[in-house]
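Reading the structure
Spelled out from the first residue to the last, the chains are:
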Amino acid sequence: MGKEEVNAASRKDNGRYTLNIGKIQEGFVLDHIKAGKAMKIYYSLGLDRLDCAVAIIKNAHSRAMGRKDILKVECDINSLNLDVLAFIDRNITVNVIKNNEIVEKKQLPLPKKMTNVIRCHNPRCITSVERGLPQVFYLADEQKGTYRCQYCDEKYEESDGDQL
Ligand SMILES: [Zn+2]
């Protein structure tokens with residue numbers, strides 16, 4: 001690691017067409033995103049509501065994954081909460097950029113608590129009755145990555161679908 005440049009990922013594919021997005025002064029490069037998930041992450045991080053510069057690279061070549069997505073975000077690194085990333089995909093690599101260099105590679109732990117990320121599907125849950133309540137889930141089993149509704153303990157299943 002060390003003085004790796006931001007666009008190292010795209011430069012690895014010698015001889016192929018590469019997308020070269022300019023260097024980031026300060027921000028994050030989210031690498032090894034499962035192909036097709038970049039937009040989901042874009043919205044989950046609230047990037048549509050922020051006015052930072054964002055580059056979304058879809059279907060980049062990856063030796064390990066075949067295809068992957070990459071998200072580059074130029075922003076104050078303290079202004080963006082990345083907690084939800086690990087929930088969406090634990091394999092995402094987070095490169096923290098400062099002064100044009102990778103200063104840290106982060107492994108994100110699963111968030112202990114998530115507010116308004118997923119929805120409780122129990123029809124008897126108070127959040128189904130009172131629409132104004134925030135959807136709060138807590139990490140019930142770190143090993144399995146199980147989340148339960150804070151109000152009714154209903155388990156969240158991947159098949160329940162999606163983000164709010
Ligand atoms: Zn519930």
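Residues numbered from 1 in each chain as written. Predicted model: local features only at pLDDT ≥ 70, side-chain atom pairs only at ≥ 80, totals over all residues.

1. Section: the overall build of the protein chain
In terms of regular secondary structure, the protein chain is built from four helices and eight strands. Of the regular secondary structure in the protein chain, the N- to C-terminal order runs α-β-α-β-β-α-β-β-β-α-β-β. Taken over 164 residues, the protein chain has a buried fraction of 21%. Taking the intrachain contacts of the protein chain between residues at least 6 apart in sequence as the baseline, contacts between residues at least 24 apart amount to 57%. (Helix = DSSP H or I, 4+ residues; strand = E, 2+ residues; numbered from the N terminus. Buried ≥ 20, exposed ≤ 12 C-beta atoms within 10 Å, placed from the backbone. Contact = placed C-beta atoms within 7 Å.)

2. Considerations on the pairing of strand β1 (residues 26–34)
Looking along a regular strand, one sees side chains alternate from face to face of the sheet. Two strands pair when backbone bridges link them, and β1 and strand β4 (residues 93–98) are joined in this way by six bridges, in the antiparallel orientation. Considered in β4, the bridge of L30 is made with V94. Summarising the sheet, β1 and strand β3 (residues 66–74) pair through six bridges and their orientation is antiparallel. When the bridges of β3 are listed, G27 appears paired with E74. (Pairing = 2+ DSSP bridges.)

3. Re the environment of E26
By the secondary structure assignment, E26 is in strand β1. Sequence separation of E26 and N99 is 73 residues, and the distance between their C-alpha atoms is 6.0 Å. Each residue touching E26, except ones within four places of it in the same chain, is listed here: E74, D76, I77, I97 and K98.

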